[in-house]
Amino acid sequence: MTSSTQTQSAGTVEESLRALFAGDRALVADPAPIFAEVRAAGPVLRMDDYVVVSRHRDIEAILNDPRARVEYAYADALLAATPPEDRWYAQELLDFFARWLAQSNDAEHDRLRRLVHLAFSPRTVAALAVDVDQILDSLLDDLAIEEHPDVVTDLGYHLPLLVICRILDIPVEDRFAIHEHSIEFMKFIVGAADVKQSHHAMTQLTTLIGDRIESRRGQPTTPLLQQLFDAEADGERLSTDDLVMLTVNLVFGGHDTTTNVVGNGLLALLSHPDQWQLLVSRPDLARAATEELLRFASPVPEIHRTFGTDVEVNGLAFAAGEHLRLLLGSANTDPQVYPDPQTLDITREGLRHLTFGQGPHYCLGQALTRLEITSLLTKTTARFPQMRLAGEPVWKPFYALRGLESLPVDLGLR
Amino acid sequence: MAKITYLLTDGSAQSLDVPTGTSVRDAALADGLPGIEGECGGFLNCATCHVYLDEEWVDRLPAAEELEDELLEGTAAERQPTSRLSCQLVVDDSWDGLTVQMPESQY
């Protein structure tokens with residue numbers, strides 16, 4: 001390839017990526033063609049302040065490299081875009097987010113993770129199956145009597161929030177406020193914040209959840225919350241501040257991405273009626289379908305890493321401090337790893353994907369998400385076998401946490 | 001190199017020649033053996049690479065460290081005195097003849 005071709009090709013890809021990263025709804029709805037372009041352009045694409053990595057094997061190697069550190073990649077851009085008098089809002093948001101489990105590194109990450117990992121272990125999650133089924137039955141009862149049912153607004157955001165509220169002993173009525181503030185805070189996470197609004201959402205979430213947690217102190221409560229109350233980290237009791245921070249992190253992490261799996265996944269399935277009907281006739285495929293939907297309809301199409309020193313990983317050189325955008329959605333549709341990757345096929349066997357990441361930061365809630373989605377698929381196909389799309393899906397105008405605002409359906413009951 | 005035998009849940013057995021320095025998890029996944037998920041990549045995060053050691057091997061292998069011991073409390077199948085996470089079982093030549101049993105489930 002000549003250098004002029006490289007330049008021209010990279011320019012085109014860069015423009016497409018910028019529009020995708022900015023949350024262009026049409027591109028968010030179908031990023032696959034852009035992912036294919038990026039993979040074809042080369043293993044890495046340096047553009048603006050970022051290094052975009054798109055191929056499965058490279059991303060997997062970076063995620064599994066213990067030298068790779070998580071970071072919030074939009075900090076510089078956020079501060080630069082914020083008027084000086086408002087920068088303290090931005091700085092407090094950055095300081096708050098940096099303390100989340102998912103954003104921490106090294107010993108601090110290990111300390112926080114060990115406080116909660118058993119609460120999300122395969123054994124603990126398996127024991128939640130009865131609760132998840134019960135919550136789903138109730139939600140599907142309500143959905144069945146909706147005049148205009150919507151599987152995102154009536155189902156997708158309630159399911160994971162009701163589950164995480166139950167795990168953390170938070171009153172279920174709080175889920176509406178939690179959802180509202182989470183949506184606003186999410187704009188900060190994806191780099192699209194109005195800092196004052198996101199700061200307000202952060203304060204509201206912290207106050208609401210902090211008050212609820214405090215009200216349970218000394219009372220009979222759930223195993224996870226009791227465990228946190230009892231927790232000692234490195235010989236010291238977890239501070240109240242840490243406890244609230246961790247709980248906010250769990251509430252947010254425990255619902256938003258799962259909401260997106262519900263919406264994205266049901267849209268993918270209902271857009272492929274043969275696969276929906278296959279699942280209706282073969283409910284034993286629900287677990288395999290869950291994995292395929294996690295791959296095909298990735299709710300987290302990218303995550304970020306950086307290195308503290310110059311490194312080489314899988315033959316690729318990265319300089320210290322470069323901001324790596326790892327396109328998980330692209331990795332999950334890389335034809336070097338997945339045969340016919342743009343085909344939704346719920347019968348794929350032994351499927352492995354990168355939707356939950358990999359390595360030291362592998363998603364804490366993966367077993368719970370898998371349980372929730374498998375149960376949801378089993379119950380919705382059994383109860384509404386004739387379900388079909390009934391209107392245009394509406395995508396959130398964000399890319400990095402990719403999900404739907406609305407997905408109207410016809411339940412096929414009449 | 002050591003010959004490691006995996007007892008699968010369907011009652012069959014499969015033996016692999018595992019190079020020194022490779023984990024019991026990695027060898028099984030590379031060969032496509034069913035029964036080990038090993039989702040997190042071998043970083044003590046998921047507890048889905050659980051295996052049961054043959055009893056005679058329990059004291060011959062390095063004991064589980066603290067974090068592995070904690071995570072074994074969260075495996076889907078019941079923890080036994082022979083339970084280990086196979087990502088932490090990094091093979092050397094002296095392990096020739098080791099047998100591990102896959103659990104009924106990793107979830």
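Just above sits the structure.
Predicted model only: the values in this text are computed from it and were never measured.

Conventions and cut-offs
- Residues numbered from 1 in each chain as written.
- Chains lettered and ligands numbered in written order.
- Predicted model: local features only at pLDDT ≥ 70, side-chain atom pairs only at ≥ 80, totals over all residues.
- Heavy atoms only, no water.
- Helix = DSSP H or I, 4+ residues; strand = E, 2+ residues; numbered from the N terminus.
- Rg over C-alpha atoms; globule rule 2.2 N^0.38 Å.
- Contact = heavy atoms within 4.5 Å.
- Areas by Shrake-Rupley, 256 points an atom, 1.4 Å probe, with all protein chains shown as cover.
- Lys, Arg positive; Asp, Glu negative; His and termini not counted.
- Charge placed at Lys NZ, Arg CZ, Asp CG, Glu CD.
- Buried < 20%, exposed > 50% of the residue type's maximum accessible area, 1.4 Å probe, protein only.
- Pairing = 2+ DSSP bridges.
- Buried area = accessible area lost by both parts, 1.4 Å probe.
- Salt bridge = Lys/Arg side-chain N within 4 Å of Asp/Glu carboxyl O.
- Polar contact = N/O pair within 3.5 Å; in protein donor to acceptor, adjacent residues only side chain to side chain.
- Nonpolar A, V, L, I, M, F, W, Y, C, P; charged D, E, K, R; others polar.
- Axes fitted to C-alpha atoms, helices over the stretch in contact; angles between N-to-C directions.
- Phe/Tyr/Trp six-rings, centres within 6.5 Å; stacked < 30°, edge-to-face > 60°.
- Lys NZ or Arg CZ within 6 Å of the ring centre and 35° of its normal.
- Expected span 1.5 Å × (residues − 1).

Asker: Report on the overall build of chain B, specifying residues and quantitative values.
Answerer: Secondary structure summary: chain B contains 2 helices and 5 strands in total. Beginning at the N terminus, the succession of helices and strands in chain B can be written as β-β-α-β-α-β-β. Taken over the C-alpha trace, chain B has a radius of gyration of 12 Å; the compact-globule value for 107 residues is 13 Å, and the two agree within 12%. Seen along its three principal axes, the alpha-carbon backbone of chain B occupies a region of about 30 × 30 × 25 Å. Summarising the internal contacts of chain B: among those between residues at least 6 apart in sequence, 65% fall at separations of at least 24. If you sum the accessible surface of chain B, you get close to 4900 Å²; carbon and sulfur atoms cover 43% of it. Across chain B, the centroid of the 5 positively charged side chains sits 3 Å from that of the 21 negatively charged ones.

Asker: I'd like a rundown of the pairing of strand S1 (residues 44-47) of chain A, residues and numbers included.
Answerer: Residue and element names in this part refer to chain A. With burial as the criterion, only one face of S1 is covered, namely that bearing Leu-45 and Met-47; the residues Val-44 and Arg-46 on the opposite face remain uncovered. Relative to strand S2 (residues 50-53), S1 is paired through 4 bridges, and the arrangement is antiparallel. Opposite Leu-45, over in S2, you have Val-52 as the bridge partner. Taking the residues that link successive antiparallel strands as the turn, the S1-S2 hairpin has 2 residues, and the phi of Asp-48 there is positive, at about 50°.

Asker: Lay out the interface of chain A and chain B with the relevant residues and their values.
Answerer: Listed as interface residues are 18 residues of chain A and, on the opposing side, 26 residues of chain B. Contact between chain A and chain B buries roughly 1700 Å² in total, counting both sides, with carbon and sulfur atoms accounting for 49%. Where chain A packs against chain B, one counts 3 salt bridges. B:Glu39 is the partner of A:Arg370 in a salt bridge, and the nearest nitrogen-oxygen pair spans 3.5 Å. On inspection of chain A and its partner chain B, the count reaches 18 residue pairs in polar contact (both at pLDDT 80 or more). Counting residues per element, the ones that place at least two in the side of chain A that touches chain B are helix H7 (106-116), helix H8 (122-126) and helix H20 (366-383) of chain A. For the side of chain A that touches chain B, the element with the most residues is H20(A), which contributes 3 residues. Of the residues contributing to the side of chain A that touches chain B, the split by class is 5 nonpolar, 7 polar and 6 charged.

Asker: Which residues make up the sheet that holds S2(A), and what values do they have?
Answerer: Residues and elements named next belong to chain A. The sheet built from 5 strands is open, its strands ordered S1-S2-S9-S6-S3 with mixed pairing. Single-partner strands in this sheet number two, and they are S1 and strand S3 (68-70). Pairwise comparison of adjacent strand axes, ignoring direction, gives a mean angle of 35° for this sheet. As judged from the 3 bridges shared by S3 and strand S6 (residues 303-307), these two strands associate in the antiparallel manner. For Ala-68, the partnering residue across the bridge sits in S6 and is Phe-307.

Asker: Could you give me a rundown of the pattern of salt bridges, with the residues and numbers involved?
Answerer: Residues and elements named next belong to chain A. The final tally for this structure, using the stated rule, is 35 salt bridges over all chains. Here Arg-282 ties to Asp-284 by a salt bridge, and the two come within 2.8 Å at their closest N and O atoms. Among the residues examined, Asp-284 registers a relative accessible area of 54% and is labelled exposed. The network of salt bridges with shared partners includes Arg-99, Glu-108, Arg-111, Asp-241 and Asp-242.

Asker: A description of the sheet that holds strand S5 (residues 99-101) of chain B should follow, citing residues and the corresponding values.
Answerer: All names here are of chain B. Reading across from one edge, S2-S1-S5-S3-S4 is the order of the 5 strands in this open sheet, with mixed pairing throughout. Whereas interior strands pair on both sides, the edge strands pair on one side only; in this sheet they are strand S2 (13-18) and strand S4 (83-85). Across this sheet, the average inter-strand angle for adjacent strands is 35°, counted without regard to direction. Pairing between strand S1 (residues 2-7) and S2: 6 bridges, direction antiparallel. For Thr-5, the partnering residue across the bridge sits in S2 and is Ser-15.

Asker: Before we move on, can you summarise the packing of aromatic side chains with the specific residues and values?
Answerer: Residues and elements named next belong to chain A. Taken as a whole and assessed by the stated rule, the structure comprises 16 aromatic pairs over all chains. Seen from their ring centres, Tyr-72 and Phe-188 are 4.7 Å apart, and the 25° between their planes marks the pair as stacked. Here Tyr-72 is found in the loop between S3 and helix H5 (75-81), whereas its partner Phe-188 is found in helix H12 (residues 175-189), with 116 residues between them in sequence. A ring pair is formed by Phe-96 and Trp-100, whose centres lie 5.9 Å apart and whose planes are at 70°; its orientation type is edge-to-face. The burial state of Phe-96 is the same as that of Trp-100; both residues are buried. Linked through ring pairs, Tyr-72, Tyr-74, Phe-96, Phe-97, Trp-100, Phe-185, Phe-188 and Phe-252 together constitute an aromatic cluster. Its end group placed over the ring of Phe-21, Arg-325 keeps NZ or CZ at 3.6 Å from the ring centre. Here the basic side chain of Arg-325 rests over the ring of Tyr-50, its NZ or CZ set 4.6 Å away from the ring centre.

Asker: Can you explain the side chain of A:Glu292? Please cite residues and give values.
Answerer: Note on placement: A:Glu292 falls in helix H18 (residues 286-296). Residues in contact with A:Glu292, not counting those within four places in the same chain, are A:Thr343, A:Leu344, A:Asp345, A:Ile346, A:Arg348 and A:Leu351.

Asker: Describe the pairing of S2(A), naming the residues involved and giving the relevant values.
Answerer: Residues and elements named next belong to chain A. Alternating residues of S2 divide into Tyr-50 and Val-52 and Val-51 and Val-53, and every residue in both groups is buried. Note that S2 and strand S9 (residues 323-326) share 4 bridges and pair parallel. Within S9, the position partnered with Val-52 by the bridge is Arg-325.

Asker: A description of helix H13 (residues 195-216) of chain A should follow, citing residues and the corresponding values.
Answerer: Residues and elements named next belong to chain A. Taking 1.5 Å per residue, 22 residues should reach 32 Å; H13 reaches 32 Å between its end C-alpha atoms and fits that length. Where H13 is concerned, the buried positions are Val-195, Ser-198, His-199, Ala-201, Met-202, Leu-205, Leu-208, Ile-209, Gly-210 and Ile-213. Buried residues belonging to H13 abut H5, helix H6 (87-98), helix H11 (158-168), H12, helix H14 (223-230) and helix H15 (240-253). A positive phi of about 80° marks Gly-218, the residue just after H13.

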